[in-house]
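For reference, the chains in residue letters:
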Amino acid sequence: MTNFYPGLAVVTGAGSGIGRGTAKALAELGAEVIVADINLATAKETVALIRSAGGLAFPYALDVSDTEALETFGRYVKDNHGVPDVVVNNAGILVGGPFLEVPLDDLRRIIDINMMAMIHGCRIFGAQMVARGAGGHLVNISSMAAFAPARLATPYSIGKAGVKHFSETLRAEFAGHKIGVTVVCPGLIATNLAATAAVSSVTAEQVEIGKQGVTKGMTMLGMHPDKAGHKIVAAIGRNEAVMTLRPESWLGYRIARALPRTTRTAMRIITGPELERVARLLIDRPGALDSARRAVERMPSREGLQTYWAPPAEGQTTTPGVHG
């Protein structure tokens, strides 16, 4: 895929973070970008940014966990825009806590969004690409969690590991159709993923403070999502199989492959129950919430980033085809 020029691109979860950065990077190369997100308001913000830079984009409201809606969306894109040349399955959420305490509804939802939606996205748009016979490229966003097993992150990890293996398997199957498949394991990116988190075994107030603190920390320490987007688009052009965006992801991936037992031991120590008990002593003591809230309020955050995501209001998630 040298001299890569995307024609039509679809990006899910493109209302913020990696999805927004990738949509903008694709538009810079001249792609017409379909910006899909569960939150129509943030999808429109991404489209406005692309259009203000002279690009072409259209916003769509889409809950990727709804397979029927995803099927309808796929047909709508084909009928109104054409068969995509690039599809980036990016939408994702975070669920954590002791596995046996994770509510079944939370477990189902994270698997539906983080894994099944990517599988269905590849199935729906992959079928269109195969039928067209002109090739294309599919991108699935996974995580370091795919190869770094961490306690209290089992629901998130199993979905991301499934996405990674699925992507590598599909790559072999679709190679004969000239359809590339890239799986991205980013590392720490300045996104608002933590704001979507559902965590068992802690109170709603503790979760809310934790979300804001982690999100601010990610914006300060993580790679800017626009830079991540450019790296992902470059990986598409090179038809890379597995793309790691940051040094910790690059190193973790190679250590996990070469020394799997060492990786498991290290993750057991880093996320072990001893640290959890210390954390519980801190967050459960009287006055801990007030201290944590004040600390979070004092934390700096990087300017110019959408640092906190809120669920869409009633009526904001609509059927595919809403655009402006």
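Everything numeric here is computed off the predicted structure, so don't read it as measured data.

The subject of this paragraph is the overall build of the chain. Looking only at helices and strands, the chain has 11 helices and 9 strands in total. In the chain, the share of contacts with a sequence separation of at least 24, taken over all contacts with a separation of at least 6, comes to 76%. When the accessible area of the chain is evaluated, it comes to approximately 15,000 Å², of which 59% is carbon and sulfur surface.

Turning next to the pattern of salt bridges. A pair can form between side chains of opposite charge whenever their charged atoms are brought close. For the structure shown, the criterion picks out 9 salt bridges. Across the pair Asp105 and Arg108 runs a salt bridge whose closest N-O atoms are separated by 3.8 Å. With Asp105 and Arg108 both in helix α4 (residues 104–132) and 3 residues apart, this pair spans about one turn of that helix. Residue Arg108 is classed as partly exposed on the basis of its relative accessible area of 49%.

Further remarks concern the environment of Ile255. Within the secondary structure layout, Ile255 lies in helix α8 (residues 247–258). Taking the relative accessible area as the measure of exposure, Ile255 reaches 33% and is therefore partly exposed. Remark: the alpha-carbon pair of Ile255 and Phe147, spanning 108 residues in sequence, is separated by 9.4 Å. If we skip the residues at most four places from it in the chain, Ile255 touches Pro260 and Thr263.

Okay, the nonpolar core next. With 74 residues, the main nonpolar core has Leu26, Val33, Val35, Phe73 and Leu138 as its most contacted residues. Ranked by residues supplied to this core, first place goes to α4 with 11 residues.

When the pLDDT values of the chain are averaged, the result is 86; 83% of them are 70 or greater. Predicted confidence in the chain is weakest over helix α10 (residues 273–284), with a mean pLDDT of 62, and strongest over strand β4 (residues 86–89), with 98.

What follows covers unusual backbone geometry. The backbone of Leu152 sits at a positive phi, close to 70°, despite the residue not being glycine. On the secondary structure map, Leu152 appears in the loop between β6 (136–141) and α5 (154–174). Positioned with a positive phi, Lys178 is a non-glycine residue whose angle comes to about 60°.

Bringing the pairing of strand β1 (residues 8–12) into the picture now. Where burial is concerned, most of β1 is hidden: 5 out of the 5 residues are buried. Covered by surrounding structure in β1 are Leu8, Val10 and Thr12 together with Ala9 and Val11, the residues of both alternating faces. Pairing of β1 with strand β2 (residues 32–37) involves 5 bridges; the strand directions are parallel. Residue pairing in the sheet places Ala9 in a bridge with Val33 of β2. Crossover β1 to β2 through helix α1 (residues 17–28) is right-handed. Sheet analysis places β1 next to β4, joined by 3 bridges and oriented parallel.

Looking now at the packing of aromatic side chains. Tallying each qualifying case throughout the model produces 4 aromatic pairs. Judged by centre distance (6.2 Å) and plane angle (85°), the ring pair of Phe73 and Phe125 falls under edge-to-face. On the criterion of sequence distance, the pair formed by Phe73 in helix α3 (residues 67–80) and Phe125 in helix α4 is long-range, its members being 52 residues apart. Look at Phe73 and you get buried, because its relative accessible area is 0%. On the basis of relative accessible area, Phe125 is assigned to the buried category, the value being 2%.

It is worth spelling out the side chain of Asn140 at this point. Along the chain, Asn140 turns up in strand β6. Here Asn140 falls in the buried class, since its relative accessible area comes to 0%. Polar side-chain contacts of Asn140 include one of 2.9 Å to the side chain of Ser167. Beyond its immediate stretch of four places on either side in the chain, Asn140 contacts Asn89, Met118, Cys122, Val163, Phe166, Ser167, Val181, Thr182, Val183 and Val184.

This paragraph deals with the sheet that holds strand β7 (residues 179–185). Read across the sheet, 7 strands follow the order β3-β2-β1-β4-β6-β7-β9 without closing on themselves; strand pairing throughout is parallel. The sheet terminates laterally at β3 (56–61) and β9 (242–244), the two strands that pair on one side only. For this sheet, the mean inter-axis angle between neighbouring strands, taken without regard to orientation, is 15°. Across the sheet, α4 is in contact with β1, β4, β6 and β7; its angle to β6 comes to roughly 175°.

Definitions and cut-offs
Residues numbered from 1 in each chain as written. Predicted model: local features only at pLDDT ≥ 70, side-chain atom pairs only at ≥ 80, totals over all residues. Heavy atoms only, no water. Helix = DSSP H or I, 4+ residues; strand = E, 2+ residues; numbered from the N terminus. Contact = heavy atoms within 4.5 Å. Areas by Shrake-Rupley, 256 points an atom, 1.4 Å probe, with all protein chains shown as cover. Salt bridge = Lys/Arg side-chain N within 4 Å of Asp/Glu carboxyl O. Buried < 20%, exposed > 50% of the residue type's maximum accessible area, 1.4 Å probe, protein only. Core = buried A, V, L, I, M, F, W, Y, C linked by side-chain atoms within 4.5 Å. pLDDT = per-residue confidence, 0-100. Pairing = 2+ DSSP bridges. Right-handed = clockwise from strand over helix to strand, strands pointing away. Phe/Tyr/Trp six-rings, centres within 6.5 Å; stacked < 30°, edge-to-face > 60°. Polar contact = N/O pair within 3.5 Å; in protein donor to acceptor, adjacent residues only side chain to side chain. Axes fitted to C-alpha atoms, helices over the stretch in contact; angles between N-to-C directions.

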